[in-house]
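Single-letter residue listing:
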Amino acid sequence: MKTICAVMMMAACLVAANKSDQPPTRTFQIKIHNINQVKLCISNFGKFGQTANQGPGLWWPKGSGHTYMFGAGSWFGTVDSASGDTLVSIGYGPHGSISEFAPGLSGMDAADTNAIIFMDQGIWPPPAGVFPMAPQTTVSHQDSWCCFNDSNPANHVPGDTRPIGIEVYQTVYVWNLTPIQDIAFLTYQIKNVSDHNLKECYYGICADNDIGNEAGSSANDRVTVIRQRAYYIDGKWYIVDNIGYQWQETPESGWSEFPGVIGFDLLQTGFDLQPGMDKDNDGISDQYERDSAYYRHYVPISQWDVDNDNIPDWRDASENPQLGMTAFKIFSLVLGPNRDNERYLTLAGYNFKTGQYEPFDTVIPAPDDQRFLMASGPFELAPDSALTIVFAIMLTYWHDQYQTPDTALVLVDHWAQHVYDMGWRMFGIKEDRTGHQGSIPLVITPNPARAHCLASFTLPKAGVVSMKMYNSTGRLVRNICHANKPAGMHLIRIDTEELAAGTYFITLETDNQRSAGSLVILK
């Protein structure tokens, strides 16, 4: 509380940053993920959703030319243990589109030939000798990886901030599969490369989601948050949490369809584990949740992987209590946190102007050029340790389909959560149409089907084959096959007469190859 009070006093004395406070323009790398319906700019210096000339950098659906983001990026805040100063390093600041990160590892020249964005349909994989933390295999239909750091004082706003000492490893996953083609997944590992503990830390995503034209009188976006809310859709209950979303309630000039809604779901944050407590009520004390030895000695094997995603629960982030979203703050073009002390207050859930602790801005503001910050904390980060953050960017249409835009996000979010909870495994697959190596061509005929269909595939070598069917909500409805199969072509009959009409997804997996396809059942 003493730290927060001190920050509040500084906030009262400082004015918003102006253009002279911004660091000099730096030209670094921006690439575009474009394999599914979300066409997204990413960078190797902390921001995403913005082009190289600082224009809108997320288009949806792909090919429409319709923009849904002017810029976004990570914020990481801490309290300096020696001076008590609040420090915040930002990947994107709405006031001037500034970024305080630079490409590469701490101490690496930003012009180093390895300080780039690696993408699996371009330069891949990242060199393991330079980046031992980087992935060497791909997971989705279009993976990318890069790293950046905040260690150069020249990249920080003069007189306001200085480096914290962190490296960020960014991985992006996108799949071109029907249920998740409107989603992009971003994973950040934030590593403390300083020589001391980072205390009272917060992580946040700052998003400036401009839906179409938000200039002047055209500024008409609205924004709010979903926290632990239940939705009843098509006879099933869904619990939704940790989502910030933005939409508008009037048509967009020049668009043939009514604008959709864009949402951010915090899928993974820091862990909320306290000795002596059992926050998820699973019978395992918090201090043992991530202790593999405890599981092996005291927990029955049947409880080692309760969600059946082939990830032991002591390594499964989705099975451990998390901090989740601890603050959601809304601000606009006219009034926003532009100094480190103001940003830290906002990350911690305070109104940076009044000093009041108001962690969730739940009152929907009037239409305007809106921005929001969704944050999680506090936590501590020891030297050489890392925090993992995972979030999904989701888009969908809502007008004339649902009364409110949040309801439209529910099923899209359900798929995002499901893919994350399964450790990327259910859709850690490559359909034959992508042309990736390592996939098994899977053909389903007839499709659509009524009473039955045939799934055909060819195995290059003998092995165990597992084939499963999921419904449109991600629920496993049938284990079709799990058996040893010889090399060669195979046909498996799938009876569909007893299944309800709708879209289903067939997954095929061997020891080292995966594939998937969709099946429409008619009645």
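We now turn to the structure provided with this report. Small disclaimer: the values here were computed from a predicted structure and weren't measured.

1. Here we look at the overall build of the protein chain
Here is step 1 of the chain: Broken down by element type, the protein chain carries 4 helices and 28 strands.
Here is step 2 of the chain: For the protein chain, whose C-alpha radius of gyration is 24 Å, the value lies close to the compact-globule estimate of 24 Å for 523 residues.
Here is step 3 of the chain: Seen through its C-alpha atoms, the protein chain measures out along the principal axes to roughly 75 × 60 × 45 Å.
Here is step 4 of the chain: Relative to its full complement of 523 residues, the protein chain shows a buried share of 54%.
Here is step 5 of the chain: Of all intrachain contacts in the protein chain linking residues separated by at least 6 positions in sequence, the fraction that spans at least 24 positions is 66%.
Here is step 6 of the chain: A total of about 22000 Å² of accessible surface is found on the protein chain, and carbon and sulfur atoms cover 51% of it.

2. Looking at the pairing of strand β24 (residues 463-470)
Here is step 1 of the chain: In terms of burial, β24 is largely enclosed, as 6 of its 8 residues are buried.
Here is step 2 of the chain: Note: β24 against strand β25 (residues 476-485), 8 bridges, orientation antiparallel. Bridging across to β25, S466 finds its partner in H482.
Here is step 3 of the chain: By the bridge criterion, 5 bridges tie β24 to strand β27 (residues 502-509) in an arrangement that is antiparallel. Bridging across to β27, K468 finds its partner in T507.

3. Some remarks on the packing of aromatic side chains
Here is step 1 of the chain: Within this structure, the stated rule accounts for 32 aromatic pairs.
Here is step 2 of the chain: With 5.6 Å between their ring centres and 80 degrees between their planes, W60 and Y68 make a pair best called edge-to-face. Comparing W60 with Y68 shows no difference in burial state: the two are buried.
Here is step 3 of the chain: Where Y173 meets W175, the ring centres are 6.0 Å apart and the plane angle is 45 degrees; that geometry is what we call tilted.
Here is step 4 of the chain: Judged by its relative accessible area of 1%, W175 is buried.
Here is step 5 of the chain: One aromatic cluster in this structure is built from F48, F101, F148, Y188, F264, F328, F372 and F391.

4. Let's talk about the sheet that holds β24
Here is step 1 of the chain: Overall, antiparallel pairing links the 4 strands, which are arranged β25-β24-β27-β28 in an open sheet. Bordering the open sheet on either side are β25 and β28 (514-521), each of which pairs with just one other strand. The mean angle between the axes of side-by-side strands here comes to 15 degrees, regardless of whether they run parallel or antiparallel.

5. Examining the nonpolar core
Here is step 1 of the chain: Ranked by internal contacts, the top residues of the largest apolar core, which has 51 residues, are F48, L58, F264, F391 and I393.
Here is step 2 of the chain: Contact partners of L58, with chain neighbours within four places excluded, come to V38, K39, L40, G49, H66, T67, Y68, M69, I262, I393 and L395.
Here is step 3 of the chain: If you look at the next biggest cluster of nonpolar residues, it comprises 32 residues, including I233, I243, M394 and W415.

6. Describing the pairing of strand β17 (residues 243-247)
Here is step 1 of the chain: The element β17 is extensively covered by neighbouring structure, given that 5 of its 5 residues are classed as buried.
Here is step 2 of the chain: Alternating residues of β17 divide into I243, Y245 and W247 and G244 and Q246, and every residue in both groups is buried.
Here is step 3 of the chain: Both strand β14 (residues 222-226) and β17 contribute to a ladder of 5 bridges, which runs antiparallel. Bridge pairing in β17 places R222 opposite W247.
Here is step 4 of the chain: Here β17 pairs with strand β18 (residues 261-268) via 4 bridges, running antiparallel.

7. Notes on helix α3 (residues 340-347)
Here is step 1 of the chain: Most of α3 sits out of view: 8 of its 8 residues are buried.
Here is step 2 of the chain: All of the buried residues along α3 are D340, N341, E342, R343, Y344, L345, T346 and L347.
Here is step 3 of the chain: Positive phi appears at G349, one or two residues downstream of α3, with a value of about 95 degrees.

8. Section: the sheet that holds strand β23 (residues 452-459)
Here is step 1 of the chain: Strand order in the open sheet formed by 3 strands is β22-β23-β26, and the pairing between neighbours is antiparallel. On the outer flanks of this sheet lie β22 (443-445) and β26 (488-495), each paired with one strand and no other. Strand-to-strand twist of the sheet, defined as the mean angle between neighbouring strand axes without regard to direction, takes the value 20 degrees.

9. Digging into the environment of R371
Here is step 1 of the chain: One can find R371 in strand β20 (residues 370-381).
Here is step 2 of the chain: Between the C-alpha atoms of R371 and Q246, which are 125 residues apart in sequence, the distance is 8.9 Å.
Here is step 3 of the chain: Here D369 takes part through its side chain, which lies 3.5 Å from a polar atom of the side chain of R371.

10. Overview of a nonpolar patch on the surface
Here is step 1 of the chain: Taken together, the side chains of L333, V334 and L335 define a hydrophobic patch exposed on the protein surface, amounting to about 330 Å² of accessible area.
Here is step 2 of the chain: Positionally, L335 belongs in the loop between β19 (327-332) and α3.
Here is step 3 of the chain: The class of L335 is partly exposed, set by a relative accessible area of 44%.

11. Some remarks on helix α4 (residues 405-421)
Here is step 1 of the chain: The end-to-end C-alpha distance of α4 is 24 Å, a good match for the 24 Å that 17 residues give at a rise of 1.5 Å each.
Here is step 2 of the chain: Along its length, α4 reaches its greatest deviation from straightness, about 35 degrees, at L411.
Here is step 3 of the chain: By the criterion of burial, α4 is predominantly enclosed, with 13 of the 17 residues buried.

12. So, the environment of T354
Here is step 1 of the chain: With respect to the helices and strands, the residue T354 is situated in the loop between α3 and β20.
Here is step 2 of the chain: For T354, the side chain forms a polar contact with the main-chain nitrogen of Q356, separated by 3.2 Å.

13. Topic: the side chain of S376
Here is step 1 of the chain: Relative to the helices and strands, S376 is located in strand β20.
Here is step 2 of the chain: Relative accessible area serves as the criterion here: at 2%, S376 is assigned to the buried category.
Here is step 3 of the chain: Of note is the side chain of S376, whose polar atom sits 2.7 Å from the backbone oxygen of G324.

14. Concerning the pattern of salt bridges
Here is step 1 of the chain: Taken as a whole and judged by the stated rule, the model has 10 salt bridges.
Here is step 2 of the chain: Measuring nitrogen to oxygen at the nearest pair gives 3.0 Å for the salt bridge that ties D361 to K329. With D361 in the loop between α3 and β20 and K329 in strand β19, the pair connects residues that are 32 residues apart, well separated along the chain. The pair D361 / K329 is uniform in exposure class, with both members buried.

Conventions adopted
- Residues numbered from 1 in each chain as written.
- Predicted model: local features only at pLDDT ≥ 70, side-chain atom pairs only at ≥ 80, totals over all residues.
- Heavy atoms only, no water.
- Helix = DSSP H or I, 4+ residues; strand = E, 2+ residues; numbered from the N terminus.
- Rg over C-alpha atoms; globule rule 2.2 N^0.38 Å.
- Buried < 20%, exposed > 50% of the residue type's maximum accessible area, 1.4 Å probe, protein only.
- Contact = heavy atoms within 4.5 Å.
- Areas by Shrake-Rupley, 256 points an atom, 1.4 Å probe, with all protein chains shown as cover.
- Pairing = 2+ DSSP bridges.
- Phe/Tyr/Trp six-rings, centres within 6.5 Å; stacked < 30°, edge-to-face > 60°.
- Axes fitted to C-alpha atoms, helices over the stretch in contact; angles between N-to-C directions.
- Core = buried A, V, L, I, M, F, W, Y, C linked by side-chain atoms within 4.5 Å.
- Polar contact = N/O pair within 3.5 Å; in protein donor to acceptor, adjacent residues only side chain to side chain.
- Patch = residues over 30% accessible without salt bridge, like charges linked within 9 Å, V, L, I, M, F, W, Y side chains within 5 Å.
- Salt bridge = Lys/Arg side-chain N within 4 Å of Asp/Glu carboxyl O.
- Expected span 1.5 Å × (residues − 1).
- Bend = angle between axes of the 7 residues up to and from the residue.

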